[in-house]
Amino acid sequence: MATVDEVRGGAPAPDPRPRKKSAKPRRGTLLGQDRRLGYGLTAPAIVLLLGITAYPLVYNIWNSFHYAVPDIPFINGKLAGLANFRRMFSVGSTFMPALLHTVVFTVVSVVIEVAIGLVLALALNKSFRGRGLVRAAVFIPWAVPTVVSAEVWKEMFDPQQGFVDYALRLLHLPGGTTTWLANTDTSWVALFIADAWKNTPFVAIILIGGLQVIPAEIYEAARIDGASPWRQFRRLTLPLLKPALMVALIFRTLSAFLVFDVIYIMSNGGPGTSTETLAYLDFNAFHVDNDYGYGGAISLVLIVLCLLIAGAYTRIFRERA
Amino acid sequence: MTVLSKAQPGRLARNAAYTAALAALLGTAAACSSSGTPAAQASANAQQTIVFATHGLGAEGQATNAAIAGFEKQYPNIKVQVFNLDASSTNQLTQLEQRFQAGTGLDVVDGDVTWAPQFAAAGYIKNLSSAGFDTSQYFPGQVASAQYNGTLYGVPWYINAEGVYYRTDLVKTAPTSATELVSDAQAAMKSDSALKEGFAWEGDKYEGAVCAFIDFLGGFGGKLDLSNLNTAANQQALQFMYDTIHKDAVTPQAASSWQESNVQSAWESGQTAFALNWPYEYASTLKLASLKSDIGWIPFPSTAGTPAAALGGDDLMVASKSAHQAADVEFVKYLTSVAAEQQRAQTAGDPPGDKSAYNDTLYAAAPYFKAEQAVFADTVSRPSSPVYPQISEVLQTMISSVLAGQSGPSAALSSAQSQIQQIPGYTA
């Protein structure tokens with residue numbers, strides 16, 4: 001008998017009936033009928049899940065070891081061995097540079113977003129007049145679809161009609177004539193800003209949630225003991241915020257590692273190949289070249305890397321907890 | 001549900017559950033088996049609507065609509081619905097491939113000259129060899145581009161060639177070398193402060209950059225020989241592209257993300273002395289009152305004596321899954337008729353793909369088509385291959401990384417050659 005708590009992963013509610021020792025009830029008993037009905041009812045969902053997650057995954061692995069290029073029928077479906085993987089590391093391949101870009105993007109954007117998100121969360125956790133309004137305003141960027149926000153930022157960084165250069169010139173700051181998205185270095189600045197604008201609120205939401213469960217009494221006690229605000233932050237807030245911080249970090253790291261939309265819209269991987277990330281390369285293989293073998297191979301590498309990141313975080317989380 | 005199962009531990013609940021599971025399975029199976037049936041063909045006389053996938057901005061779009069109106073008047077039973085493709089040719093190709101793979105939805109397709117071999121190899125388009133088109137009417141280079149394994153799969157609609165436009169008020173005599181073009185552009189920028197740049201061309205990472213590269217290759221005697229890319233002449237052409245932006249300052253840095261439409265607006269707003277573009281610009285420019293100058297149009301000047309003008313243009317193709325192939329062929333015949341092509345040439349500036357359309361009727365209405373012949377004479381086609389889109393993508397990356405200063409011409413050329421060899425199905 002599945003209870004609400006079991007479904008949610010909580011502790012099972014105490015069963016009033018005396019529990020039998022054997023886990024496998026015999027056919028025909030009431031419990032056995034319950035169990036079979038349970039399987040029957042979950043079967044559609046399991047079939048659906050297998051269909052939309054397991055099947056594509058297995059199919060993708062199959063593809064990555066084959067030539068899977070429907071537009072080139074004379075080679076489509078033939079066994080490729082490791083050719084798709086070798087191609088990633090061949091002379092002139094943009095895979096390794098894209099991996100480097102992805103790692104740098106992930107580290108820099110997550111650091112920016114968590115730092116600003118933490119400050120925002122701390123500020124919005126204090127009570128002040130109009131806090132609800134300010135909170136709502138801060139969260140708006142997160143509710144805007146990335147395609148829309150990236151298009152807006154692309155316009156903002158345009159040297160002719162954009163706001164960024166205009167503002168810099170108005171304030172007599174350097175860089176007022178920069179063509180942001182045409183330089184291999186400044187284009188990253190534009191991407192970091194656009195990505196941080198969109199995703200910092202997400203980090204802030206999670207952290208505010210974490211702050212709200214910290215009881216106010218312990219701060220009171222700390223104040224009585226004479227702890228400075230900085231010491232309170234270091235010794236109380238930060239350790240108690242750690243679970244929420246970890247959740248924010250895992251979510252942001254994985255989604256930054258798979259970044260595609262903001263890059264596709266704003267820089268399209270350019271100038272040159274300087275802002276190509278792994279997900280962008282994967283998209284190109286799948287949807288520009290229609291090469292499901294090479295795309296599948298890149299996807300497989302991406303999956304493995306994401307598993308490694310998730311594994312590393314879980315390990316850190318377990319050690320600290 | 002558990003309450004229900006306790007009250008009725010019998011069949012009803014179980015059967016309901018199994019039925020639901022079965023329905024889900026059947027649903028998946030049905031979704032997987034919907035392709036592969038040949039469409040029943042409608043006759044040309046039947047009442048029907050065909051979908052024409054095409055692209056074109058401004059005058060080109062209007063010319064298409066005018067031609068469709070003419071066709072629908074002649075064939076009242078056939079309605080033509082335009083499916084507008086994106087302005088970027090890379091996106092057009094993606095849009096078409098996705099719809100072809102989905103199987104249905106398109107009847108007649110207007111595609112770039114480089115696409116027919118790929119579509120034909122994949123079985124997306126109909127063999128038109130027995131549909132009654134006379135290949136001797138078309139320019140040989142374009143016919144070759146519309147064939148796959150010697151069989152006609154596309155019908156040349158209009159031919160295109162890319163050349164250099166220049167304003168005769170700023171440039172008195174046409175330059176005869178790349179160096180001269182740059183110095184003319186610099187001189188023009190000095191003499192006219194309204195100029196923002198001297199030479200506008202498209203450097204974005206898309207098909208247009210490959211065409212520009214072919215034009216520039218001709219200037220230095222280079223060739224797009226995919227098994228021997230890293231030659232001195234090819235390096236010079238790439239270096240020239242980089243230099244116009246970063247050294248000679250005749251092309252703005254933004255041009256490394258410019259497409260044709262950006263070049264067009266730079267030229268039409270009178271902010272450049274030279275512009276690389278296709279023939280449609282000739283007609284557009286002559287109609288412009290704002291650009292108070294005569295213009296010249298030449299192939300990109302060559303010091304090697306072999307100027308190259310990238311062959312472009314569009315072929316019309318019929319989807320092999322179309323249920324209206326008889327009507328489709330009639331529509332293609334109408335669009336490629338001498339009269340319809342001449343009309344399109346006059347209003348949109350698209351040069352007819354049919355050689356017999358170049359006659360006094362056309363010259364009387366649009367005399368510049370005589371001047372354009374010089375550029376058409378130097379057309380050089382892009383590599384013909386069923387894996388051309390993949391080849392092009394490698395070349396685009398090569399050009400783009402040179403323009404961004406990420407790699408030098410020689411390194412970029414040898415990287416490109418190595419990457420082209422990695423394309424599945426590529427044979428030299």
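Conventions and cut-offs
Residues numbered from 1 in each chain as written. Chains lettered and ligands numbered in written order. Predicted model: local features only at pLDDT ≥ 70, side-chain atom pairs only at ≥ 80, totals over all residues. Helix = DSSP H or I, 4+ residues; strand = E, 2+ residues; numbered from the N terminus. Rg over C-alpha atoms; globule rule 2.2 N^0.38 Å. Buried ≥ 20, exposed ≤ 12 C-beta atoms within 10 Å, placed from the backbone. Contact = placed C-beta atoms within 7 Å. Axes fitted to C-alpha atoms, helices over the stretch in contact; angles between N-to-C directions. Parallel < 35°, antiparallel > 145°, perpendicular 65-115°, else oblique. Nonpolar A, V, L, I, M, F, W, Y, C, P; charged D, E, K, R; others polar. Expected span 1.5 Å × (residues − 1). Arc of directions from axis to C-beta. pLDDT = per-residue confidence, 0-100. Core = buried A, V, L, I, M, F, W, Y, C linked by C-beta atoms within 7 Å. Domains from an automatic or database assignment. Pairing = 2+ DSSP bridges.

### Description of the overall build of chain A
Each helix and strand in chain A was counted, giving 13 helices and 0 strands. For 321 residues, the compact-globule estimate of 2.2 N^0.38 gives 20 Å, and chain A exceeds it by more than 25% at 26 Å. Taken across its 321 residues, chain A has 31% of its residues classed as buried. Intrachain contacts of chain A at a sequence separation of at least 6 include 65% that bridge at least 24 residues.

### Examining the overall build of chain B
Counting secondary structure elements, chain B contains 17 helices and 12 strands. In terms of overall dimensions, chain B has C-alpha extents of about 95 × 55 × 40 Å along its principal axes. The buried share among the 428 residues of chain B stands at 52%. In chain B, of all internal contacts separated by at least 6 residues, the share reaching a separation of at least 24 is 74%.

### Here we look at the environment of A150 of chain A
Residue and element names in this part refer to chain A. Among the structural elements, A150 can be located in helix α6 (residues 146-156). The spacing of A150 and K198 is 48 residues in sequence and 8.9 Å in space, taken between C-alpha atoms. Those residues in contact with A150 that lie beyond four places of it in its chain are A194, D261, V262, I265 and M266.

### Focus on unusual backbone geometry
Following G270 of chain A, the chain continues into P271 of chain A via a peptide bond in cis, with omega recorded as -5°. Assignment of secondary structure puts P271 of chain A in the loop between α11 (261-266) and α12 (278-288). Here N268 of chain A, not a glycine, exhibits a phi torsion of approximately 50°, which is positive. Turning to its location among the elements, N268 of chain A is positioned in the loop between α11 and α12. Phi at A249 of chain B takes a positive value of approximately 55°, unusual for a residue other than glycine. By the element assignment, A249 of chain B lies in the loop between α9 (232-246) and α10 (260-268). Its 16 C-beta neighbours within 10 Å are what place A249 of chain B among the partly exposed residues.

### Section: the packing of helix α8 (residues 207-220) of chain B against helix α16 (residues 388-403) of chain B
Think of two packed helices as two axes; the pair is described by the angle between the axes and how far apart they sit. Residues and elements named next belong to chain B. The geometry of α8 relative to α16 is characterised by a closest axis approach of 9 Å and an angle of 75° between their N-to-C directions. Judged by the angle between their axes, α8 and α16 are roughly perpendicular. For the pair α8 and α16, contact is made by E207, A209, V210 and F213 and by S392, L395, Q396, I399 and S400, respectively. When its residues are assigned to classes, the contact of α8 with α16 shows 5 nonpolar, 3 polar and 1 charged.

### Looking at helix α17 (residues 409-421) of chain B
All names here are of chain B. Between its first and last C-alpha atoms α17 spans 19 Å; for 13 residues at 1.5 Å apiece the expected length is 18 Å, and the two agree. Among all positions in α17, only P409, A412, L413, S415, A416, Q419 and I420 are buried. Seen end-on, α17 carries its buried residues on one side only, within an arc spanning 165°. In this structure, the buried side of α17 is in contact with α9 and α16.

### Focus: the confidence of the model for chain A
Residues and elements named next belong to chain A. For chain A, the average pLDDT comes to 88, and 90% of its residues sit at 70 or higher. Mean pLDDT per element in chain A: helix α1 (residues 4-7) is the minimum at 42, and helix α4 (residues 95-125) is the maximum at 96. Segment residues 1-13: pLDDT under 50, and 11 contacts once partners within four positions in sequence are set aside and those in other chains are kept.

### Digging into the nonpolar core
Taken as a class, soluble globular proteins show a tendency for nonpolar side chains to be buried jointly. Ranked by size, the top nonpolar core spans 171 residues in total, and within it L207 of chain A together with F213 of chain B carry the most contacts. Of all the elements, helix α8 (residues 186-212) of chain A adds the most residues to this core, at 11 residues. Two domains share this core, each providing at least three of its residues, namely domain 1 (2-160 + 312-373) and domain 2 (161-310 + 385-421) of chain B. Filtering out sequence-adjacent residues up to four positions away, F213 of chain B remains in contact with A237, L395 and I399 of chain B. The next biggest cluster of nonpolar side chains, apart from the first, holds 5 residues, and it includes A345, Y358, L362 and F369 of chain B.

### A closer look at the domain arrangement of chain B
Residue and element names in this part refer to chain B. Here the domain parsing of chain B yields domain 1 (2-160 + 312-373) and domain 2 (161-310 + 385-421). Between domain 1 and domain 2, the C-alpha centre-to-centre distance is 31 Å. The partner domain 2 presents 20 residues to the 23 residues of domain 1 that form the contact. The class makeup of the residues in the side of domain 1 that touches domain 2 is 12 nonpolar, 8 polar and 3 charged.

### What about the pairing of strand β2 (residues 78-84) of chain B?
As defined by bridge partners, strand β1 (residues 48-54) of chain B adjoins β2 of chain B across 7 bridges and the pair is classed as parallel. Within β2 of chain B, the residue paired with A53 of chain B across the bridge is F83 of chain B.

### Notes on α10 of chain B
Residues that lie three or four places apart on an α-helix share one face, since the helix turns once every 3.6 residues. Residues and elements named next belong to chain B. Here α10 has its buried residues at E260, V263, Q264, A266 and W267. Mapping the buried residues of α10 onto a view down its axis gives an arc of 165°, with all of them on the same face. Close packing links the buried residues of α10 with β7 (163-167), β8 (197-200), α8, β9 (272-277) and α11 (280-287). G270 sits one or two positions beyond α10 and adopts a positive phi of about 75°.

### Observations concerning the sheet that holds β8 of chain B
Residues and elements named next belong to chain B. Across the sheet, which stays open at both edges, the 4 strands sit in the order β8-β9-β7-β10 with mixed pairing between neighbours. Only two strands of the sheet have a single partner each, and these edge strands are β8 and β10 (295-298). In this sheet, neighbouring strand axes are inclined to one another by 15° on average, regardless of whether the strands run parallel or antiparallel. Bridge count between β8 and β9: 3 bridges; the pairing is parallel. Counterpart to E197 in the pairing with β9 is T272. Each of β7 and β10 is contacted by helix α15 (residues 368-376), which is oriented at about 30° to β10, the strand it contacts most.

### Digging into the interface of chain B and chain A
The extent of an interface is frequently quoted as the accessible surface area lost upon association of the parts. Each partner contributes residues to the interface: chain B has 45 residues there, and chain A has 42 residues. The element that contributes the greatest number of residues to the side of chain B that touches chain A is helix α2 (residues 11-32) of chain B, accounting for 9 residues. Residue classes in the side of chain B that touches chain A are distributed as 19 nonpolar, 22 polar and 4 charged.

### A closer look at the confidence of the model for chain B
Residues and elements named next belong to chain B. Per-residue confidence for chain B gives a mean pLDDT of 87; residues scoring 70 or more make up 90%. Looking across chain B, the model is least confident in helix α1 (residues 2-7), with a mean pLDDT of 38, and most confident in α9, with 97. Predicted confidence is poor over residues 1-37, with pLDDT under 50, and the contacts of this stretch with residues over four places away or in other chains come to 29 contacts. The ipTM for the predicted assembly is 0.74, set against a pTM of 0.77.

### Notes on the environment of D192 of chain B
Residues and elements named next belong to chain B. Inspection of the secondary structure puts D192 in the loop between α7 (178-191) and β8. Assessed through the 15 C-beta atoms surrounding it within 10 Å, D192 is described here as partly exposed. Between the alpha carbons of D192 and Q271 there is a distance of 9.4 Å; along the sequence they are 79 residues apart.

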